[in-house]
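Understanding the architecture of this molecule
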Amino acid sequence: MERYNPAHMKLNRSFSVIAILAVALSAWRHIEAQAPQPNGGGVRSGVLPRSWEISGPQCGSEPRFQIHEYNPDFYILRESGCSNYEKPFLYLLFGKEKALLLDTGAGRTDVARVVKSQIDQWLKRNNRDSIPLIVAHTHSHGDHISGDKDLKLLPQTVVVEPKVSAVQAFFGFRNWPSEAATCDLGERILDVIPIPGHEAASIAIYDRQTGILFTGDTLYPGRLYVQDAGAFALSIQRLVDFTHGKIVAHVLGNHIEQTRTAYLDYPIRTVYQPDEHQLELGRAHLLELNEALHDLNGRIERTAFRDFTIWPE
Ligand SMILES: [Zn+2]
Ligand SMILES: [Zn+2]
């Protein structure tokens, strides 16, 4: 049995106080790290589907687009594989003053009718008569611009030509591709970031309201075709820098070619994808891609990762 020693007691007590302070301090630091982002990061929330409708294996008269409401001001349209094997995603965002459609799909579809009916529904819900529509593109490849001609016929609609000069002029870029521009839809600011590499007119869009980063064909669960290696590497670094310290709720690209099995993709032109990867990626994928490009050091070789593959064009 230890003899009672008042000096010991005092020492023990001050150790306890230090220990409590240390625990409190570490807890506070932990809380501090979380403090600016309570309740889902402080961005407007929404829900993505657990999986998308499967096209095929037999194609019939299914609708050409699946429409998913992420939240009442953001809709995702996914083109059916029975319409076009590319199965691209299109994004429709509403601000207080304008709406934006990002991409118009592949092949001949009824995209203008589908978009118009979605806008009409939104107007009804919001007790409004009209809202101007901007149609822009993640890039100029044919599987993202096919509906342009029909969309141009919609009222109050401006279609940004899928060319570098037209994109620069419309968004007011001063230093392409090193500087971002903004586009205000009315209490909804979008950052538009030039990301040439997959294609010369490629842009990414960051929606400050939802914290979603739209990356087009530059980053998605599938084959990342690189046309210009130097430009691509700089663009990915630019996206990493841009998103540093920002909330990134999801990284949404334009296709799904990856299966749910790590490292395994569906062959090109696959319509029926019963076990496809989820659409959404995160900023970690961006960091992984950036690191890989640094390692490749200017060369582009076919390199597989768990959720995407770098693919020279
Ligand atoms: Zn493309
Ligand atoms: Zn594409």
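Rules used throughout
- Residues numbered from 1 in each chain as written.
- Chains lettered and ligands numbered in written order.
- Predicted model: local features only at pLDDT ≥ 70, side-chain atom pairs only at ≥ 80, totals over all residues.
- Heavy atoms only, no water.
- Helix = DSSP H or I, 4+ residues; strand = E, 2+ residues; numbered from the N terminus.
- Polar contact = N/O pair within 3.5 Å; in protein donor to acceptor, adjacent residues only side chain to side chain.
- Donors = N, O, S within 2.8 Å, 3.2 Å for Na, K, Ca; no water.
- Axes fitted to C-alpha atoms, helices over the stretch in contact; angles between N-to-C directions.
- Parallel < 35°, antiparallel > 145°, perpendicular 65-115°, else oblique.
- Left-handed = near helix turned anticlockwise from the far one by under 90°.
- Contact = heavy atoms within 4.5 Å.
- Nonpolar A, V, L, I, M, F, W, Y, C, P; charged D, E, K, R; others polar.
- Pairing = 2+ DSSP bridges.
- Tetrahedral: all angles 85-135°; square planar, octahedral: opposite > 155°, others 65-115°.
- Phe/Tyr/Trp six-rings, centres within 6.5 Å; stacked < 30°, edge-to-face > 60°.
- Buried < 20%, exposed > 50% of the residue type's maximum accessible area, 1.4 Å probe, protein only.
- Core = buried A, V, L, I, M, F, W, Y, C linked by side-chain atoms within 4.5 Å.

1. What to know about the side chain of serine 55
Looking at the element boundaries, serine 55 is found in the loop between α2 (38–41) and β1 (65–71). A distance of 2.8 Å separates the side chain of serine 55 from the backbone nitrogen of glycine 81, its partner in a polar contact.

2. Notes on the coordination of the zinc ion (ligand 1)
Where a metal carries four tetrahedral donors, each ideal angle is 109.5 degrees; where it carries six octahedral donors, the ideal angles are 90 or 180 degrees. Every protein donor of the zinc ion (ligand 1) is listed here as His139 (NE2), His141 (ND1), His198 (NE2) and Asp217 (OD), and their distances to the metal cover 2.1 to 2.3 Å. The distance between the zinc ion (ligand 1) and the zinc ion (ligand 2) is 3.5 Å, with aspartate 217 acting as a donor to both metals. Here aspartate 217 lies in the loop between β10 (212–216) and β11 (223–226) and histidine 141 lies in the loop between β5 (133–136) and α4 (148–151), a separation of 76 residues in the sequence.

3. Some details on the packing of helix α6 (residues 229–243) against helix α7 (residues 283–296)
Taken N-terminus to C-terminus, the directions of α6 and α7 make an angle of 140°; their axes are 9 Å apart at the nearest point. In terms of orientation, α6 and α7 fall into the oblique class. At the point where α6 passes α7, the crossing takes the left-handed sense. Taking contact as the criterion, the partners of Phe232, Ala233, Ile236, Gln237, Leu239, Val240 and Thr243 in α6 are, on α7, Arg283, Leu286, Leu287, Leu289, Asn290, Leu293 and His294. Residue classes in the contact of α6 with α7 are distributed as 9 nonpolar, 4 polar and 1 charged.

4. Considerations on the sheet that holds strand β9 (residues 203–207)
Strand order in the open sheet made by the 5 strands is β7-β8-β9-β10-β12, with mixed pairing throughout. Looking at strand neighbours, the two that pair on one side only are β7 (181–184) and β12 (250–253), the edges of this open sheet. Each neighbouring strand pair of the sheet contributes to a mean axis angle of 25°, computed without reference to strand direction. In this structure, β10 lies alongside β12, joined through 4 bridges in parallel fashion.

5. Notes on the coordination of the zinc ion (ligand 2)
Looking at the metal site, the zinc ion (ligand 2) is ligated by Asp143 (OD), His144 (NE2), Asp217 (OD) and His255 (NE2), spaced 2.1 to 2.2 Å from it. Classification of the site at the zinc ion (ligand 2) rests on its 4 donor atoms, whose angles at the metal span 90 to 158°, yielding the label irregular. Counting gaps between the donor residues of the zinc ion (ligand 2) yields the pattern D-H-x72-D-x37-H.

6. Points about the packing of aromatic side chains
A ring pair, where both rings are aromatic, is described by two values, the distance of the centres and the angle of the planes. By the definition in use, this model includes 13 aromatic pairs. Judged by centre distance (5.0 Å) and plane angle (75°), the rings of tryptophan 52 and phenylalanine 89 are edge-to-face. With a gap of 37 residues between them, tryptophan 52 in the loop between α2 and β1 and phenylalanine 89 in strand β3 (residues 89–94) connect regions that are remote in the sequence. Phenylalanine 89 gets classed as buried once you look at its relative accessible area, which sits at 0%. Measuring from ring centre to ring centre gives 6.1 Å for tyrosine 225 and tryptophan 311, while their planes differ by 65°; the resulting arrangement is edge-to-face. Of this pair, tyrosine 225 sits in strand β11 while tryptophan 311 sits in strand β14 (residues 309–312), placing them 86 residues apart in sequence. We classify tyrosine 225 as buried; its relative accessible area is 19%.

7. Focus on the nonpolar core
Phe74, Tyr91, Phe171, Phe214 and Leu252 are the most contacted members of the largest nonpolar core, which has 29 residues in total. In this structure tyrosine 91 touches Phe74, Tyr75, Ile76, Leu100, Leu101, Leu102, Phe214, Leu252, Gly253, Asn254 and Leu279, once residues within four positions along its chain are discounted. Listed in part, the 28 residues of the second largest apolar core include Ile195, Tyr206, Leu239 and Val240.

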